[in-house]
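Here are the chains, one letter per residue:
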Amino acid sequence: QVQLVESGGGSVQAGGSLTLSCVTSGDTYSSICMAWFRQAPGKEREGVARLNGSGGSTVYADSVKGRFTISRDNAKNTVYLQMNSLKPEDSAMYYCAAARVVCSFYPLHYQYWGQGTQVTVSS
């Protein structure tokens, strides 16, 4: 079992920055895929960034490429999402997720989810 707890959401003006944190506990997380998803009201959950546990490679959605950075601190069992140059369309509930087998942007591939943290970007 893996437990995920997100924090760091909030309200910010367009152009601002936020850093989300996801603290993991339970089973060792360094060998599995970690990702950040987001879901706005009335929209499907979408993957924004993922980090492959085996090699540390990262992948970003086109909509956030160059603005968001996913990283991890193994010593702190924490995965981060640094979000810069935020836009109103980035407003959503952001979720941390962990997958044991497949590293992708398909939510169904992820077995473990956090409770979410809200990000609101005003224009």
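Structure: above.
A few points on the structure.

Scoring rules and cut-offs
Residues numbered from 1 in each chain as written. Predicted model: local features only at pLDDT ≥ 70, side-chain atom pairs only at ≥ 80, totals over all residues. Heavy atoms only, no water. Helix = DSSP H or I, 4+ residues; strand = E, 2+ residues; numbered from the N terminus. Rg over C-alpha atoms; globule rule 2.2 N^0.38 Å. Buried < 20%, exposed > 50% of the residue type's maximum accessible area, 1.4 Å probe, protein only. Areas by Shrake-Rupley, 256 points an atom, 1.4 Å probe, with all protein chains shown as cover. Pairing = 2+ DSSP bridges. Contact = heavy atoms within 4.5 Å. Polar contact = N/O pair within 3.5 Å; in protein donor to acceptor, adjacent residues only side chain to side chain. Phe/Tyr/Trp six-rings, centres within 6.5 Å; stacked < 30°, edge-to-face > 60°. Lys NZ or Arg CZ within 6 Å of the ring centre and 35° of its normal. Disulfide = S-S within 2.5 Å.

Scanning the protein from N- to C-terminus turns up 0 helices and 11 strands. Sequence-ordered secondary structure for the protein, helices as α and strands as β, is β-β-β-β-β-β-β-β-β-β-β. Taking 123 residues into account, the globule formula puts the C-alpha radius of gyration at 14 Å, and the protein, at 13 Å, falls close to it. Based on the C-alpha atoms only, the size of the protein along its principal axes is roughly 40 × 30 × 25 Å. Within the protein, the fraction of its 123 residues that count as buried is 42%. When the accessible surface of the protein is split by element, carbon and sulfur atoms take 49% of a total near 6100 Å².

Across a regular strand the side chains alternate sides, sitting on one face of the sheet and then on the other. Only one face of strand S1 (residues 2-7) is buried: it carries Val2, Leu4 and Glu6, and the other face, with Gln3, Val5 and Ser7, is open. When S1 meets strand S3 (residues 18-26), the two strands line up antiparallel, connected through 6 bridges. Residue pairing in the sheet places Val2 in a bridge with Gly26 of S3.

By the element assignment, Gln39 lies in strand S4 (residues 33-39). Here Gln39 is in contact with Glu44, Arg45, Ala92, Met93 and Tyr95, once residues within four sequence places are set aside. There is a polar contact of 3.1 Å between the side chain of Gln39 and the backbone oxygen of Lys43.

Enumeration according to the criterion identifies 4 aromatic pairs in this entry. Look at Phe37 and Trp113: their rings are 5.0 Å apart centre to centre, the planes differ by 55°, and that puts the pair in the tilted class. Of this pair, Phe37 sits in strand S4 while Trp113 is found in strand S10 (residues 112-113), placing the two residues 76 residues apart along the sequence. Cluster of aromatic residues (ring-pair linked, three or more members): Phe37, Tyr95, Tyr110 and Trp113. We note Arg45 situated over the ring of Tyr95; from NZ or CZ to the ring centre the distance is 3.9 Å. Note that Arg50 overlies the ring of Phe105, its terminal NZ or CZ placed 4.6 Å from the centroid.

Further remarks concern the state of the cysteines. Under the definition given, this model contains 2 disulfides. Covalently, Cys33 is tied to Cys103 through a disulfide, its sulfur atoms 1.9 Å apart. Its torsion about the S-S bond being 55°, the disulfide of Cys33 and Cys103 is classed as right-handed. Placement of Cys33 in strand S4 and of Cys103 in the loop between strand S9 (92-99) and S10 is noted, with a sequence separation of 70 residues between them. The class for Cys33 is buried, based on a relative accessible area of 5%. Among the cysteines of the protein that take part in disulfides, numbered as they appear in the sequence, the pairing is 1-3, 2-4.

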